[in-house]
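Structure at a glance
Residue strings, one per chain:
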Amino acid sequence: EVQLVESGGGLVRPGGSLRLSCSASGFIFNSYNMNWVRQAPGKGLEWVSSISSSTTYIYYADSVKGRFTISRDNANNSLYLQMNSLRAEDTAVYYCARDQYFDCWGQGTLVTVSS
Amino acid sequence: DIVMTQSPDSLAVSLGERATINCKSSQSVLYSSNNKNYLGWFQQKPGQPPKLLIYWASTRESGVPDRFSGSGSGTDFTLTISSLQAEDVAVYYCHQYYSSPSSFGQGTKLEIK
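What counts and how
Residues numbered from 1 in each chain as written. Chains lettered and ligands numbered in written order. Predicted model: local features only at pLDDT ≥ 70, side-chain atom pairs only at ≥ 80, totals over all residues. Heavy atoms only, no water. Helix = DSSP H or I, 4+ residues; strand = E, 2+ residues; numbered from the N terminus. Rg over C-alpha atoms; globule rule 2.2 N^0.38 Å. Buried < 20%, exposed > 50% of the residue type's maximum accessible area, 1.4 Å probe, protein only. Contact = heavy atoms within 4.5 Å. Areas by Shrake-Rupley, 256 points an atom, 1.4 Å probe, with all protein chains shown as cover. Pairing = 2+ DSSP bridges. Axes fitted to C-alpha atoms, helices over the stretch in contact; angles between N-to-C directions. Phe/Tyr/Trp six-rings, centres within 6.5 Å; stacked < 30°, edge-to-face > 60°. Lys NZ or Arg CZ within 6 Å of the ring centre and 35° of its normal. Core = buried A, V, L, I, M, F, W, Y, C linked by side-chain atoms within 4.5 Å. Disulfide = S-S within 2.5 Å.

1. Section: the overall build of chain A
Across its full length, chain A carries zero helices and ten strands. Beginning at the N terminus, the succession of helices and strands in chain A can be written as β-β-β-β-β-β-β-β-β-β. In terms of C-alpha radius of gyration, chain A reaches 13 Å, essentially the compact-globule figure of 13 Å for 115 residues. If you line up chain A on its principal axes, its C-alpha atoms span 40 × 25 × 25 Å. Classification of the 115 residues of chain A by burial places 48% in the buried group. A separation threshold of at least 6 residues defines the contact pool for chain A, and within that pool the share at least 24 residues apart is 52%. For chain A, the exposed area adds up to about 5300 Å²; of that, 45% sits on carbon and sulfur atoms.

2. Notes on the sheet that holds strand S10 (residues 109-113) of chain A
Residues and elements named next belong to chain A. Strand order across the open sheet formed by six strands is S2-S10-S9-S4-S5-S6, with mixed pairing between neighbours. Looking at the sheet topology across the chains shown, the edges are occupied by strand S2 (10-12) and strand S6 (58-60). Geometrically, the sheet is characterised by an average inter-axis angle of 25° between neighbouring strands, direction not taken into account.

3. Here's the deal with the packing of aromatic side chains
Within this structure, the stated rule accounts for 18 aromatic pairs over all chains. Centroid distance Tyr38(B) to Trp56(B): 4.6 Å. Interplanar angle 80°. Geometry classified as edge-to-face. Of this pair, Tyr38(B) sits in the loop between strand S5 (36-37) and strand S6 (39-44) while Trp56(B) sits in the loop between strand S7 (51-55) and strand S8 (59-60), placing them 18 residues apart in sequence. The class for Trp56(B) is buried, based on a relative accessible area of 14%. The lysine or arginine in question, Arg19(A), covers the ring of Tyr80(A), its NZ or CZ lying 3.9 Å from the ring centre. Stacked on the ring of Tyr32(A), the Lys or Arg Arg98(A) has its end atom at 4.2 Å from the ring centre.

4. A few points about the nonpolar core
Trp36(A), Leu79(A), Leu81(A), Met83(A), Tyr94(A) and Trp105(A) are the most contacted members of the largest nonpolar core, which totals 43 residues. At the level of secondary structure, the elements contributing two or more residues to this core comprise strand S3 (18-25), strand S4 (34-39), strand S5 (45-51), strand S7 (68-73), strand S8 (78-83), strand S9 (92-98) and S10 of chain A together with S7 of chain B. Tallying contributions element by element places S9(A) first for this core, with five residues. Aside from chain neighbours lying at most four places away, what touches Trp105(A) is Leu4(A), Val37(A), Leu45(A), Tyr95(A), Cys96(A), Ala97(A), Phe42(B), Pro49(B), Pro50(B) and Phe104(B). Counting 23 residues, the second largest nonpolar core, distinct from the first, contains Leu39(B), Ala57(B), Phe77(B) and Leu110(B).

5. Topic: the sheet that holds strand S9 (residues 68-73) of chain B
All names here are of chain B. Strand order in the open sheet formed by four strands is S1-S3-S10-S9, with antiparallel pairing between adjacent strands. Across the chains shown, the open sheet's two edge strands, defined by having one partner strand only, are strand S1 (4-7) and S9. The average undirected angle you get between the axes of adjacent strands in this sheet is 20°. As paired strands, S1 and strand S3 (residues 19-25) are joined by four bridges and run antiparallel to one another. Bridge pairing in S3 links threonine 5 to lysine 24.

6. Observations concerning the state of the cysteines
Using the criterion set out here, one finds two disulfides over all chains in the structure. Between the sulfur atoms of Cys23(B) and its disulfide partner Cys94(B) the distance amounts to 2.1 Å. Taking the sign of the S-S torsion, 75° for the link of Cys23(B) and Cys94(B), the bridge is right-handed. Taken together, the positions of Cys23(B) in strand S3 and Cys94(B) in strand S11 (residues 90-96) put the pair 71 residues apart, joining distant regions of the chain. Free of any disulfide, Cys104(A) has its nearest cysteine sulfur in Cys96(A), 8.0 Å distant. Given a relative accessible area of 13%, Cys104(A) falls into the buried group.

And the structure:
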């Protein structure tokens, strides 16, 4: 069974940092591009970042460029999102999603940025 | 950047009736070299992650009931639910994966009339 499990969310002060993880199982992780998508409370879906299977291509939304860093560890079937200089507007549930179609999603991890 | 605009923002349909959601992209998402529209549709129920229903604009994901169908090409797309069931109450999103940044529509909330 294909499964994605996010972790690492929590409450952080403005200006602080968090590192999100996404653990993948049930598929050949190093064959797939991976993505982060977020959803602010009561709002729609916002694409955050994508990374190709071999890390050749990396993309970021303008809203997070220069503050967030996506990475992956294909040996350990894991995807990461390092989030620095966090702002209140980064408060959201963060999902990892597989492939260009976003065909499989994790349950999400909640990041709350508040003083 | 490609902007995705859905209509309507909300929709109330009677059980057993047809529901239609529209999605318009600010530029074409049809890739001419393979004649594929890089357009997907998602369903999201409260407290759950989005679920892929349709990709390549009209290909139903495995396990998705055949009452869900996608159509359109270029910049104009439609998700149709042929006979609304109670479990179809959700927010629906279109999504383009033609170019980065990937982008979603604002969502359409579907309710029972």
